[in-house]
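Given next are the chains, with one letter for each unit.
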Amino acid sequence: MATQGQVITCKAAVAWEPNKPLIIEDVQVAPPQAGEVRIQILFTTLCHTDAYTWSGKDPEGLFPCILGHEAAGIVESVGEGVTEVKPGDHVIPCYQAECGECKFCKSGKTNLCGKVRSATGVGVMMSDRQSRFSVNGKPIYHFMGTSTFSQYTVVHDVSVAKIDPIAPLDKVCLLGCGVPTGLGAVWNTAKVEAGSIVAVFGLGTVGLAVAEGAKAAGASRIIGIDIDSNKFERAKNFGVTEFINPKEHENPIQQVIVDLTDGGVDYSFECIGNVSVMRAALECCHKGWGTSVIVGVAASGQEISTRPFQLVTGRVWKGTAFGGFKSRSQVPWLVNKYLNKEIKVDEYITHNLTLADINNAFDLMHEGGCLRCVLAMHARDNM
Ligand SMILES: NC(=O)C1=CN([C@@H]2O[C@H](COP(=O)(O)OP(=O)(O)OC[C@H]3O[C@@H](n4cnc5c(N)ncnc54)[C@H](O)[C@@H]3O)[C@@H](O)[C@H]2O)C=CC1
Ligand SMILES: N[C@@H](CCC(=O)N[C@@H](CSC=O)C(=O)NCC(=O)O)C(=O)O
Ligand SMILES: [Zn+2]
Ligand SMILES: [Zn+2]
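The chain goes by S-(hydroxymethyl)glutathione dehydrogenase in an unreviewed UniProt entry, where it is assigned to Medicago truncatula. According to the UniProt record, the Sequence similarities (unreviewed entry) comment for the chain is "Belongs to the zinc-containing alcohol dehydrogenase family. Class-III subfamily." Per UniProt, the chain has the following entry under Subcellular location (unreviewed entry): "Cytoplasm".

The structure is reproduced here in structure tokens:
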């Protein structure tokens, strides 16, 4: 390929400072080194975790950086020693790596991987602790090991899932984060059983995917809780059977739910990132066995609390990253489930824009109607 081994200059959205509009820049992307893969990103979506880091509330947030972690593309070139993917392969970059060899991967107890996390948390590549991105010689940090708001990105080989080339990349890009997180929180982390009563706090993409996963698991009641009642109608299509708006109740929401469910729910999921709601989600669980899963990402400095008695009396508090899915081995499986019409993806896409419109796309995220906005990275108006 003509670009192999060369620096590629392409368009990327650079976050120069927290909360300041992203700027579309001509970015230089260095060739992949040993164990690295350079990917042409064709489609990316925006996740609330991008907005969280951009806001300056992420203790791992570094600037200037290129955000983005929910995307799909095609391998442009690979570095020395890369065997699992080759130029032309269709891939989804994965912020949660899977090396198969580290203590975490070998434990069989977690989807977390330790191989490159110390580098991805500080915005560099593992081999030389440097960035592959620069603008006029100034290094730009990577983000979550993915940086998909760029037409080309460089990732570690342990962070690339090779997928079926017939899958539409403008759809399956969503399988890089939010949808798997919700489904996996139910299937892998909580392991919801048929007949369970489930409460979902927050009916954005992640909460709706929790509802979808709970319905597939055979939950008997799926209670959706959101402060925006406009979310309720759409949520029915994802499996939510009952709705509660905490603003319409005087009692604490956990009390309302306990009263409605003969003592509490079997499983609850916090899909907002609000530590007060995390407490409510735990405390609405049934005594003796109720399990609450924290999915939302809370800002730096926030801490959770409850009376220890809540745990002494049998409630369980858990958390999940990427829904407990092992990325490289299970993202292709999720893509196949989508192709077989066993999971929704299209239904979470409410908007389609281009890279040039990325700041508008972030504005849209704060509007109730928006779930996921897919950006076409190589549309003519990006040039
Ligand atoms: N653990 C993980 O691996 C992942 C975590 N996340 C996190 O999950 C969270 C949810 O993500 P999205 O669904 O994309 O967000 P979203 O913003 O689309 O959805 C959040 C929903 O919560 C509702 N809400 C806000 N405050 C509320 C309150 N006090 N009570 C009830 N409802 C309230 C909003 O109206 C909205 O419908 C974010 O914090 C995101 O960073 C996202 C992906 C992966
Ligand atoms: N940098 C943040 C941590 C943010 C976080 O919890 N990330 C999730 C994924 S959220 C995706 O949208 C995650 O997988 N965490 C595990 C990990 O290894 O990062 C902070 O420090 O608050
Ligand atoms: Zn995300
Ligand atoms: Zn590993």
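For the rest of this paragraph, the subject is the overall build of the chain. Counting secondary structure elements, the chain contains twelve helices and 17 strands. Over its C-alpha atoms the chain spans a radius of gyration of 21 Å, differing by no more than 12% from the 21 Å that the globule rule assigns to 383 residues. By its C-alpha atoms, the chain is 65 × 40 × 40 Å across when sized along the principal axes. Within the chain, the fraction of its 383 residues that count as buried is 56%. Taking the contacts inside the chain whose residues are at least 6 apart along the sequence as the reference set, 70% of them involve residues at least 24 apart. A total of about 15800 Å² of accessible surface is found on the chain, and carbon and sulfur atoms cover 51% of it. Computed over 34 positive and 39 negative side-chain charges, the separation of the two mean positions in the chain equals 5 Å.

Before going further, it helps to spend a moment on the site of ligand 1. Around ligand 1 sit 26 residues in total, of which Thr-49, Asp-226, Val-295, Thr-320 and Phe-322 are the nearest. Taking Val-206, its main chain carries an N or O atom lying 3.0 Å from an oxygen atom of ligand 1. One of the backbone nitrogen or oxygen atoms of Thr-320 is found 2.8 Å away from a nitrogen atom of ligand 1. Alone, ligand 1 offers 870 Å² of accessible surface; in the complex the protein occludes 86% of this. A class-by-class count of the residues in the shell around ligand 1 yields 14 nonpolar, nine polar and three charged. Mapping the shell around ligand 1 onto the domain boundaries places at least three of its residues in each of domain 1 (8-176 + 345-376) and domain 2 (183-320).

When the UniProt feature table is mapped onto this chain numbering, "domain: Alcohol dehydrogenase-like N-terminal" (unreviewed entry) sits at residues 34-163. Strand forms 28% of residues 34-163 and helix 12%; the C-alpha atoms that close the span are 22 Å apart.

Of all five residues that make up strand β8 (residues 152-156), five are buried, and the element is covered over most of its length. Burial of the side chains of β8 extends over both faces: Tyr-152, Val-154 and His-156 are buried on one face and Thr-153 and Val-155 on the other.

The subject of this paragraph is the sheet that holds strand β7 (residues 138-140). Ordered in space as β1-β2-β6-β7, the four strands form an open sheet in which the pairing is antiparallel. Looking at which strands have only one partner, the edges of the open sheet turn out to be β1 (8-14) and β7. Here the average twist between neighbouring strands, direction ignored, is 45°. Here seven bridges tie β1 to strand β2 (residues 23-29), and the two strands are oriented antiparallel to one another. Looking at β2, one finds that Val-14 is bridged to Ile-23.

Here Asp-262 shows up in the loop between α8 (253-260) and β13 (267-270). The spatial distance from the C-alpha of Asp-262 to the C-alpha of His-286 is 8.6 Å, given a sequence separation of 24 residues.

Before going further, it helps to examine the site of ligand 2. Surrounding ligand 2, one finds 14 residues, the nearest of these being Thr-49, Tyr-52, Asp-58, Glu-60 and Arg-117. Residue Thr-49 places a side-chain N or O atom 2.5 Å away from an oxygen atom belonging to ligand 2. Tyr-52 places a polar side-chain atom, nitrogen or oxygen, 2.7 Å from an oxygen atom of ligand 2. Starting from 530 Å² of accessible surface for ligand 2 in isolation, the protein chains cover 73%. Residues of the shell around ligand 2, tallied by class, amount to eight nonpolar, three polar and three charged.

Distances from the zinc ion (ligand 4) to its protein donors, Cys-99 (SG), Cys-102 (SG), Cys-105 (SG) and Cys-113 (SG), fall at 2.3 to 2.4 Å. Around the zinc ion (ligand 4) sit four donor atoms; with metal-centred angles ranging over 106 to 115°, the donor geometry is tetrahedral. Spacing between the donor residues of the zinc ion (ligand 4) along their common chain follows C-x2-C-x2-C-x7-C.

Turning our attention to the sheet that holds strand β11 (residues 221-225). Taken in spatial order, the six strands of this open sheet run β12-β11-β10-β13-β14-β15, and their pairing is parallel. The open sheet has two edge strands with one neighbour each: β12 (242-244) and β15 (316-319). Strand-to-strand twist across the sheet, computed as the mean angle between neighbouring axes with direction ignored, equals 20°. The pairing of β11 with β12 spans three bridges and is classified as parallel. Looking across to β12, one finds that Ile-223 is bridged to Glu-242. Running over the sheet, helix α5 (residues 178-190) touches β13, β14 (291-294) and β15 and is turned about 135° from β13. This element, helix α6 (residues 205-216), spans β10 (197-201), β11 and β13 of the sheet and lies at about 170° to β10.

Turning our eyes to something else, we now look at the state of the cysteines. Per the counting criterion, the structure on display carries zero disulfides. Summary of cysteine pairing: Cys-173 is not part of a disulfide, and the nearest cysteine sulfur, belonging to Cys-373, is at 10 Å. A relative accessible area of 0% means that Cys-173 is categorised as buried. Free of any disulfide, Cys-285 has its nearest neighbouring cysteine sulfur in Cys-284, separated by 4.9 Å.

Analysis parameters
- Residues numbered from 1 in each chain as written.
- Chains lettered and ligands numbered in written order.
- Predicted model: local features only at pLDDT ≥ 70, side-chain atom pairs only at ≥ 80, totals over all residues.
- Heavy atoms only, no water.
- UniProt positions renumbered as here; feature names shortened; annotations may be inferred.
- Helix = DSSP H or I, 4+ residues; strand = E, 2+ residues; numbered from the N terminus.
- Rg over C-alpha atoms; globule rule 2.2 N^0.38 Å.
- Buried < 20%, exposed > 50% of the residue type's maximum accessible area, 1.4 Å probe, protein only.
- Contact = heavy atoms within 4.5 Å.
- Areas by Shrake-Rupley, 256 points an atom, 1.4 Å probe, with all protein chains shown as cover.
- Lys, Arg positive; Asp, Glu negative; His and termini not counted.
- Charge placed at Lys NZ, Arg CZ, Asp CG, Glu CD.
- Near = heavy atom within 4 Å.
- Polar contact = N/O pair within 3.5 Å; in protein donor to acceptor, adjacent residues only side chain to side chain.
- Nonpolar A, V, L, I, M, F, W, Y, C, P; charged D, E, K, R; others polar.
- Domains from an automatic or database assignment.
- Pairing = 2+ DSSP bridges.
- Axes fitted to C-alpha atoms, helices over the stretch in contact; angles between N-to-C directions.
- Donors = N, O, S within 2.8 Å, 3.2 Å for Na, K, Ca; no water.
- Tetrahedral: all angles 85-135°; square planar, octahedral: opposite > 155°, others 65-115°.
- Disulfide = S-S within 2.5 Å.

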